[in-house]
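# A closer look at the structure
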Amino acid sequence: MTGDNDRETSHRTHVTDDVVSRSPLDLDEATFFQTLAANTSEGLLTLDTESTIVYANPAVERILGYAPEELVGTSKMKLIPERLRSAHAEGLRRYLETGEKHIDWDGVELPALHKDGHEVPVSISLREHEYDGQRLFTGIIRDITDQKAYEQKLQYERDTVQQLLETSPIGITVIDSNGEIVRANAYAGVLYDRSPDELRGESYESIDQKLVNEAEEPLSSEAHPITRVFVTGESVYDTVIGIKPTAWKRTWLSVSAAPIRGPDGSIERVITAIEDITERKEREQRLRAFREALDHAGHAIYLTDTDGTIEYVNAAFEEQTGYAAEEALGETPQILNSGEHDNAFYTDLWNTILSGETWTGEVINQRKSGETYTINQTIAPITTADGDIERFIAVNVDVTDQKERERTVTRQRNTLQQLLETSPIGIMVVNADGELTRINRKGRNILDIHDDRIEAYTPEDRPTYDEEGQPVPADEHPFAVALETGEVVEDRILRVERPDGESRWLSVSAAPVFDEDGTLDRVITTAEDITALEESKRTLAQQRDTLEHQRDTLERLRQITTSLNSIHHAIMRASTRDELEQQVCDSLGSSEAYTHAWIGEYVAADETIRPSTWTGLTEENLSDEVTAVNEAQYRDGITEEALQTGEVQAVQNLSNNPMETIASDHAHRRGYNAAAAVPLRYGDTVYGVLRLHSDRAFAFDENERQLLGELGERIGHAIYATKNRQLLHAETRVELEFRSTDSDVPFIDVTERLDCRLSLKKSTPASDGAFIYYIDVKGSLPGRVCDRLETFAGIDFARSLQATGETGTIECRVTTSSLVLTLIEEGVTPNSVVVEDGIGRIIGETAPETNIRPIIEGLQATFPETEFISKRTVTQSTSSENVNAEIVFESLTDRQQEVLEVAYHAGYFDSPRRASGEEIAETLGISSATFYQHIRKGSRRMLDKLTTDGSLATG
């Protein structure tokens, strides 16, 4: 092999020498080649067999960065990357030993190491030669950095195109001029149901034998897109063809083809782009079917884009709105706006559909003619596969006629409801289960059923009776009979008791209602209120009985009137209470109206009635009867009730009265069955009770009780008058003195706590049984006394009328029993009432003939810490002033006298006034106007009496 290299070197030397000798130039061979090596653009390196660089031209510096002098004498390993050095050394060694090259020495591409450390791609052509008998190796080095960059770029683009072809969702094939497929990407194989390798070499016509056009007719060879390109030389775009690679599904393709021309302009190849448009075709077919369905739909339908622009309307839309399709397309549904809905309505609509939801509602639109109509509208979004809203579809159902029918039905229903509610006859509907499902206003009124109780109503809730007064069982009610028999029940007369206690007479009818199957569905019941008619019938019968009763009543009234007339005369003649009471008993007890009469007084000490006068009874019988009343605990019977209320109490049937059990037994033995207790009262004072008994059938009715009540008041007034006359005209009077330390009495408590003295100036009756006290205060601030008094439940109020330090006058309203009031009620006139240091001293006077024992017992029964101190008889001279004052006060009414006295003691007439008219009116429980009226009239009467009566003027 070394010999071959020598011969090759010798040959090149010979050729070089021959070229130089033949040159027309006078060349110095050494100089010429030296100049050539120095100016060539390619690097030159010469190595010896030890890899030592013996020569480097200047171009090497441009390529590798080393100046020639930096390389000469150094190893070539300086220019070889470290990873390749051992391979280079091994290759040189092997070559030197065997003469075999392990690589091609012409244009081998290797990396060289640049001076700055980076690698430079170079192309080296190496030759062996001799110089001065030394084996050398010279290499021509060319920098191929730009070439490698271009190759890499080209490869990248080639790889990119290949990747695009292989990953493209479009099938791509290349057909040569012979019609054979020379290239096909993966998706083309998918479309033709073959692998790309199987397609290569196949004729395009052979694999397209099953192609059809859009009409699904076989595709002719002339119409094939590739054929058309070869024939016309022009590109063909978007030709739709169908292929059926499998037995069950046709694939639709969109094929575009373009020529690839050679240098001479002839068509060398055709490239095709094949897109699977099966889904699009199916979608278009569905859309055509959908559109056809929309066109023939009975409801108005339109499509809009997401901005609301109308893109499609069907024939029903044109008919419904009056707008032709060309008028509506490009517009918005605003052309149908009737103005009946506000902005909030449409805002809600748009918010709903833009959120992907379906909107349904009732809309009033306006036709092109201006006529309004009502639709039920449904608007739904149409979305893409990704869920994005693409457009909206609206379906409008014209319900104008339906709404009108509904309004008509509503009007009819309201009319029927109004007729039912205003009907003068009660109307009820009961279902097949016997439950009340409906009832009109008259029915509710008749049966007294509240609206919230209709469902719970059953016949048992209203006791029902027939004309004879017998209860009607629930299963015999007219509606129950109609439910059971399926027959009409007419004009059944019934009486129904309502929860409010009223009874109604009704004429009831019931009629069954059947459904289409003949099954009894419900019963309609009518109830006419004939209460007035029935009551008028019964009233006529009662009137007959009443006329007879009235004749008896007139006779009884005649008897009573006769008795009362004789009593009135006796009252006028009586001068004492005993005489008065005896004449009353004699007149009533001996009359035809009553069997006997007696008058008794209440004894507080033992809580019994003590008779004082009687007629028609022996003492024994009287004792038995009074004992019977007391043992019957009269306070639970009519006598105690009369004393408490001050009103006449009576019982007409003692045998059935549980409050008079013992008395009724006594009455039965004595032959009478009715009793009355008449209080003898004047003002708020009850002096006793008058007991009357009768054997009459209708004794003590309302009229009689009213007459007896007036009689009791006259007797009470007469008793009061006789006492006053006795007290006024008597030369002597009985003076009684009492001492009390009862701490329950407010005034005693106040003086003990505040260490003061209270003196009663005046007590005057006020409204509701209360009394107004005017009291002088000494030893404590009047305000403090008032504050303490107001802590007691029986003191309504207390106020200071006049105060000077710890003296003054107060006013208070007393509503409970008091020492003073108790004495007044017993006929004692208090003259002096003084309370000091928790001890009350009361001095009062009464007529000489007064029985003081009941007074003392009654006072001590209420106030146990009260003791009777003394009784004195005092002589009183009757002065003309007292007589004149009595005459003046007799000219006033009781109320006028009361108002004048309260006003006087309250300081109304003082200057300045200590109390206003409004304050006094409030104290008395009357209005200001009434107070001023009493003041004016009372003052006028007193002045008239004083100025017109001569006896007073000269008295």
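Figured I'd write up the structure that's included with this text. Remember, predicted model here, so these are calculated numbers, not experimental data.

So, how was this worked out
- Residues numbered from 1 in each chain as written.
- Predicted model: local features only at pLDDT ≥ 70, side-chain atom pairs only at ≥ 80, totals over all residues.
- Heavy atoms only, no water.
- Helix = DSSP H or I, 4+ residues; strand = E, 2+ residues; numbered from the N terminus.
- Buried < 20%, exposed > 50% of the residue type's maximum accessible area, 1.4 Å probe, protein only.
- Contact = heavy atoms within 4.5 Å.
- Pairing = 2+ DSSP bridges.
- Axes fitted to C-alpha atoms, helices over the stretch in contact; angles between N-to-C directions.
- 1 Å grid on protein atoms, 1.4 Å probe; cavity = no way out; pocket = protein on both sides within 12 Å on 5 of 7 lines; lining within 4 Å.
- Points joined across faces, edges and corners; volume = space filled by probe spheres on them.
- Nonpolar A, V, L, I, M, F, W, Y, C, P; charged D, E, K, R; others polar.
- Salt bridge = Lys/Arg side-chain N within 4 Å of Asp/Glu carboxyl O.
- Patch = residues over 30% accessible without salt bridge, like charges linked within 9 Å, V, L, I, M, F, W, Y side chains within 5 Å.
- Areas by Shrake-Rupley, 256 points an atom, 1.4 Å probe, with all protein chains shown as cover.
- Lys, Arg positive; Asp, Glu negative; His and termini not counted.
- Charge placed at Lys NZ, Arg CZ, Asp CG, Glu CD.
- Parallel < 35°, antiparallel > 145°, perpendicular 65-115°, else oblique.
- Left-handed = near helix turned anticlockwise from the far one by under 90°.
- Phe/Tyr/Trp six-rings, centres within 6.5 Å; stacked < 30°, edge-to-face > 60°.
- Lys NZ or Arg CZ within 6 Å of the ring centre and 35° of its normal.
- Expected span 1.5 Å × (residues − 1).
- Arc of directions from axis to C-beta.
- Polar contact = N/O pair within 3.5 Å; in protein donor to acceptor, adjacent residues only side chain to side chain.
- Core = buried A, V, L, I, M, F, W, Y, C linked by side-chain atoms within 4.5 Å.

### Re the overall build of the chain
Within the chain, the secondary structure is distributed over 32 helices and 34 strands. By residue count, 41% of the 955 residues in the chain fall in the buried class. By sequence separation, contacts in the chain at least 24 residues apart represent 51% of the contacts at least 6 residues apart.

### A word on the sheet that holds strand 30 (residues 795-804)
In a beta sheet, neighbouring strands are held together by backbone hydrogen bonds and run either parallel or antiparallel to one another. What the eight strands build is an open sheet, ordered 30-31-29-28-32-33-27-34; its pairing is antiparallel. With one partner strand each, in any of the chains shown, strand 30 and strand 34 (866-875) form the two edges of the open sheet. On average, each strand axis in the sheet is inclined to that of its neighbour by 20°, with strand direction left out of account. Sheet topology places strand 30 next to strand 31 (residues 807-814); eight bridges connect them, and they run antiparallel. In the strand pairing of strand 31, Arg 799 is matched with Glu 811. Strands strand 27 (732-740) and strand 34 of the sheet are contacted by helix 27 (residues 852-862), whose axis makes an angle of about 150° with strand 34. Across the sheet, helix 30 (residues 917-924) lies against strand 29 (771-778), strand 30 and strand 31, angled at about 145° from strand 30, the strand it touches most.

### Describing unusual backbone geometry
Its identity as a non-glycine residue notwithstanding, Asp 448 has a phi of 55°, on the positive side. One can find Asp 448 in the loop between helix 16 (441-447) and strand 18 (464-465). The partly exposed category is assigned to Asp 448, whose relative accessible area is 21%. Residue Asp 837 is not a glycine yet carries a positive backbone phi of 55°.

### A few points about the sheet that holds strand 26 (residues 685-694)
If you trace the five strands from one edge of the open sheet to the other, you get 23-22-26-25-24, paired in antiparallel fashion. If you trace the sheet from one side to the other, it starts and ends with strand 23 (608-615) and strand 24 (649-651), each paired once. Taken pair by pair, the neighbouring strands of this sheet meet at an average axis angle of 20°, ignoring direction. Relative to strand 26, strand 22 (residues 596-603) is paired through five bridges, and the arrangement is antiparallel. Within strand 26, the residue paired with Trp 598 across the bridge is Arg 691. Its contacts with the sheet put helix 19 (residues 577-589) on strand 22, strand 23 and strand 26, and the angle it makes with strand 23 is roughly 70°.

### Here's the deal with empty space enclosed by the protein
For the structure shown, the criterion picks out five cavities of 30 Å³ or more. Computed from the structure, the second largest cavity encloses a volume of approximately 170 Å³. What lines the second largest cavity is a set of 15 residues, among which Phe 747, Tyr 773, Val 820, Val 833 and Val 835 lie closest to the centre. The set of elements that each furnish at least two residues to the lining of the second largest cavity consists of helix 24 (746-754), strand 28 (757-765), strand 29, helix 26 (819-825), strand 32 (829-836) and strand 33 (839-846). Along the lines of polarity and charge, the residues of the lining of the second largest cavity split into twelve nonpolar, three polar and no charged.

### Regarding the environment of Ile 719
Within the secondary structure, Ile 719 is located in helix 23 (residues 702-729). On the basis of relative accessibility, which here comes to 0%, the residue Ile 719 falls in the buried class. In the structure, Ile 719 is positioned 138 residues away from Glu 581 in sequence and 8.7 Å away in space, judged by C-alpha atoms. Leaving out residues up to four positions away in the same chain, Ile 719 has contacts with Arg 577, Leu 580, Glu 581, Leu 680 and Tyr 687.

### Here's the deal with the pattern of salt bridges
Inspection of the entire model under this criterion finds 37 salt bridges. For Glu 390, the salt bridge is made with Arg 391, and the minimal N-O distance between the two is 3.2 Å. Under the relative-accessibility criterion, Arg 391 is labelled partly exposed at 25%. The partner of Arg 504 in a salt bridge is Glu 502, with the nearest N and O atoms 3.4 Å apart.

### Describing a negative patch on the surface
Residues Asp 238, Glu 275, Asp 276, Glu 279 and Glu 282 make up a contiguous surface patch of negative charge. Of all the secondary-structure elements, those providing two or more residues to the negative patch are strand 10 (267-276) and helix 11 (278-295). Tracing the chain through its elements places Glu 275 in strand 10. Residue Glu 275 is classed as partly exposed on the basis of its relative accessible area of 36%.

### Observations regarding the packing of helix 24 against helix 25 (residues 782-789)
The relative placement of two packed helices is expressed as an angle between their axes plus a distance between the axes. Direction vectors running N to C along helix 24 and helix 25 enclose 130°, while the axes themselves pass 10 Å from each other. One finds that helix 24 runs oblique with respect to helix 25. Where helix 24 crosses over helix 25, the handedness of that crossing is right-handed. Of the residues in helix 25, those in contact with Pro 746, Phe 747, Asp 749, Val 750, Arg 753 and Leu 754 of helix 24 are Arg 784, Val 785, Arg 788 and Leu 789. The residue inventory of the contact of helix 24 with helix 25, partitioned by class, reads six nonpolar, no polar and four charged.

### So, the packing of aromatic side chains
Summed over all chains, the structure comprises eleven aromatic pairs. Considering the side-chain rings of Phe 931 and Tyr 932, the 5.3 Å spacing of their centres and the 70° angle between planes classify their relative orientation as edge-to-face. By relative accessible area, Phe 931 is classed as buried at 0%. Judged by its relative accessible area of 25%, Tyr 932 falls in the partly exposed class. Counting every residue linked through ring pairs, the aromatic cluster contains Tyr 95, Trp 105 and Phe 137. It is Lys 101 that lies over the ring of Trp 105; its NZ or CZ is 4.3 Å from the centre. Seen from the ring of Trp 252, Lys 281 lies directly overhead, with NZ or CZ sitting 5.0 Å from the centre.

### A look at the environment of Trp 614
Within the secondary structure layout, Trp 614 lies in strand 23. Sequence separation between Trp 614 and Arg 691 is 77 residues, and the spatial gap between their C-alpha atoms is 9.2 Å.

### Let's talk about helix 27
An α-helical segment advances 3.6 residues per turn. Residues three or four places apart therefore align on the same side. Within helix 27, the full set of buried residues consists of Ile 852, Pro 854, Ile 855, Ile 856, Glu 857, Gly 858 and Leu 859. Contact partners of the buried residues in helix 27: strand 22, strand 23, strand 27, helix 26 and strand 34.

### Focus on helix 5 (residues 82-98)
Taking 1.5 Å of rise per residue, 17 residues should cover 24 Å, and helix 5 covers 25 Å from first to last C-alpha, within 8% of that figure. Those residues of helix 5 that fall on the buried side of the exposure criterion are Gly 91, Leu 92 and Tyr 95. Taken end-on, helix 5 shows its buried residues confined to a sector of 95°, consistent with a single buried face. Away from the buried face of helix 5 by more than 90 degrees, exposed residues Glu 82, Ser 86 and Glu 97 are located. Trailing helix 5 by a residue or two, Gly 99 shows a phi angle of about 80°, which is positive.

### Considerations on the side chain of Asn 440
In this fold, Asn 440 is placed in the loop between strand 17 (436-439) and helix 16. A relative accessible area of 2% means that Asn 440 is categorised as buried. In this structure the side chain of Asn 440 is engaged in a polar contact, spanning 3.1 Å, whose partner is the backbone oxygen of Ile 425. If near-sequence neighbours (up to four positions away) are discounted, Asn 440 is found in contact with Leu 420, Glu 421, Ser 423, Ile 425, Gly 426 and Ile 427.

### Notes on the pairing of strand 8 (residues 236-243)
Summarising burial for strand 8: six of the eight residues are buried, a large majority. In this sheet, strand 9 (residues 251-261) lies alongside strand 8 in antiparallel orientation, the contact comprising six bridges. By the bridge assignment for strand 9, Thr 239 is matched with Val 255.

### Details of the nonpolar core
Counting 37 residues, the largest nonpolar core has Phe 747, Leu 758, Tyr 773 and Val 785 as the members making the most contacts within it. Sequence-distant contacts of Leu 758, defined by excluding residues within four places in its chain, comprise Phe 747, Val 750, Thr 751, Ile 775, Asp 776, Val 777, Val 785, Val 833, Val 834 and Val 835. In terms of nonpolar packing, the next biggest core, distinct from the first, is built from 26 residues, Ile 560, Cys 585, Leu 588 and Ala 699 among them.

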